[in-house]
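Residues per chain are reported as follows:
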Amino acid sequence: MSTASNSFQTKVQFLQRQAASLLIYQSVLQGEVSRAFMELLQSIRYAEADARSCLQAYGNYFKCLAARNQNWEDYLITQILRDENPFSQLAGQREFENLPSALIAATQHDLQALQSLYECSSAFLSEWVQAVAGLAVSPVVWYDEELTLLEETNESLLIEKLHHIEDWADAVEDVAAYYRQFGTGLFAEYSALRYCDGQFIGIKYADPVKLSELVGYESQRDALLKNTEFLLAGEVALHVLLYGSRGSGKSSLVKALLNEYSKHHLRLLEVAKSDLKHLPQIVEQLRSVPHKFIIFVDDLSFEEDDDAFKALKVVLEGNLTARSQNVVVYATSNRRHLIREFFADRPAPKDNDEIHAWDTMQEKLSFSDRFGLTLTFEPADQKTYLNIVRHLATQAAINIDSEDLEYQALQWATRHNGRSGRTARQFVDFLKADLALSASKNQT
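Please read all numbers here as calculations on a predicted model, not as lab measurements. (Residues numbered from 1 in each chain as written. Predicted model: local features only at pLDDT ≥ 70, side-chain atom pairs only at ≥ 80, totals over all residues. Heavy atoms only, no water.)

Caption draft 1: Quick peek at the pairing of strand S3 (residues 240-244). With 4 of its 5 residues buried, S3 lies for the most part within the structure. Sheet analysis places S3 next to strand S6 (residues 327-333), joined by 4 bridges and oriented parallel. Looking across to S6, one finds that Val 240 is bridged to Tyr 330. (Buried < 20%, exposed > 50% of the residue type's maximum accessible area, 1.4 Å probe, protein only. Helix = DSSP H or I, 4+ residues; strand = E, 2+ residues; numbered from the N terminus. Pairing = 2+ DSSP bridges.)

Caption draft 2: A look at the packing of helix H3 (residues 51-68) against helix H7 (residues 122-133). Close contact between H3 and H7 brings their axes to 9 Å; oriented N to C, the two are set at 160°. Comparing their axes, H7 and H3 come out roughly antiparallel. Crossing geometry of H3 relative to H7 is assigned as left-handed. Packed against H3, whose contacting residues are Ala 51, Cys 54, Leu 55, Tyr 58, Tyr 61 and Leu 65, the element H7 presents Ser 122, Leu 125, Ser 126, Val 129, Val 132 and Ala 133 at the interface. For the contact of H3 with H7, the class distribution of residues is 10 nonpolar, 2 polar and no charged. (Axes fitted to C-alpha atoms, helices over the stretch in contact; angles between N-to-C directions. Parallel < 35°, antiparallel > 145°, perpendicular 65-115°, else oblique. Left-handed = near helix turned anticlockwise from the far one by under 90°. Contact = heavy atoms within 4.5 Å. Nonpolar A, V, L, I, M, F, W, Y, C, P; charged D, E, K, R; others polar.)

Caption draft 3: Representation of the side chain of Ser 88. By the element assignment, Ser 88 lies in helix H5 (residues 86-91). Owing to a relative accessible area of 2%, Ser 88 belongs among the buried residues under this scheme.

Caption draft 4: The arrangement of the sheet that holds strand S4 (residues 266-271) in detail. If you walk across this open sheet you meet the 7 strands as S2-S1-S4-S5-S6-S3-S7, and the pairing is mixed. What marks the edges here is a single partner per strand, and that holds for strand S2 (199-202) and strand S7 (373-377). The average undirected angle you get between the axes of adjacent strands in this sheet is 25°. Direction of pairing for S4 relative to strand S5 (residues 292-297): parallel, over a ladder of 5 bridges. Across the sheet, Leu 266 pairs through a bridge with Lys 292, a residue of S5. Packed on one face of the sheet, helix H11 (residues 218-232) meets S3, S4, S5, S6 and S7 and runs near 150° to S7.

Put into structure tokens, the structure is as follows:
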């Protein structure tokens, strides 16, 4: 075995010891790419390493990087910045000078160890695999020249610093400041999430709807924007009920807030009605997170003695626990009175044993009043409907005679779901596709 081979295998063993020495950042090496990296190191550790196993390990490592379209160096930094551990969690809640000194020292140690792994580039690994497997040429190196992580923000500045700093231990205070500003885990990675089966799940492809696409309900939009800006500014924001006719854009307006304010650390958390019983626990989990949260409940209504009703009531009205200032509930409903009421529910002196039955009924009917702000979306009249159609057609670059556009839009509304923002969107999408297909056929 050549001196060069002995040299790199000594380096590999050193890297494995560095990985094993991690004190609080162990989970950084538990991701798919990290595991492939560590398995590759293990496959080339010894002089008698099996060439076939080594090549298979390198292929798996290459495929993992290609699947993420990310370089090893970028991946490792991302894992560090997303990692949930005692340091990142405590740094998100306290100023750096108030963190335990032992925790800071442990973090500095881990950052130095991880920097050693960071410096083991894919190019080095390719050369080492070539030597072990006895190849004439080294395997293809995965490398993406474009940094696709983040745009120019405070976030990207820290990433750039880690790419160039000589000793990562010197960046511990900057890393702590990052955690305090951006948080960790799913909330740092995703701006849209849903709560399902007791856990938060990131939504990779959130609805791209933008505020500029929504017209016809400007006063409601402005009121919701102002309330959301209160939340982002750390002021007391109100829980909001968006009530009105179907297809009027209530849900789209809430989702558009995310695309408007996600850069200001707004997060949208979708909670289904079936999970509302967990709402108090959800709010408590979000309390210490640095982001601002809109809990989005779509198409809200309740049945008699619904546990979800009681849980939402606790969040809206509060209890002995102080209200969380970084969380509000935005709910949409087609019903002004959120709890279904039947004539049989109305108190009758002979049939009802409850002494204060009218009080119970009034509590049900007034539940919507517990939202601090109620925004009403009336059905779209013809003028509003056509205004929405024209706006969407302009955005879609549909160039047809205005009279023809309006005639087709009205015909569409008559034959489909009536006049609404949703109907207008469906009509414009259909018209755009139809025109594009016709143009394509004419060209051929």
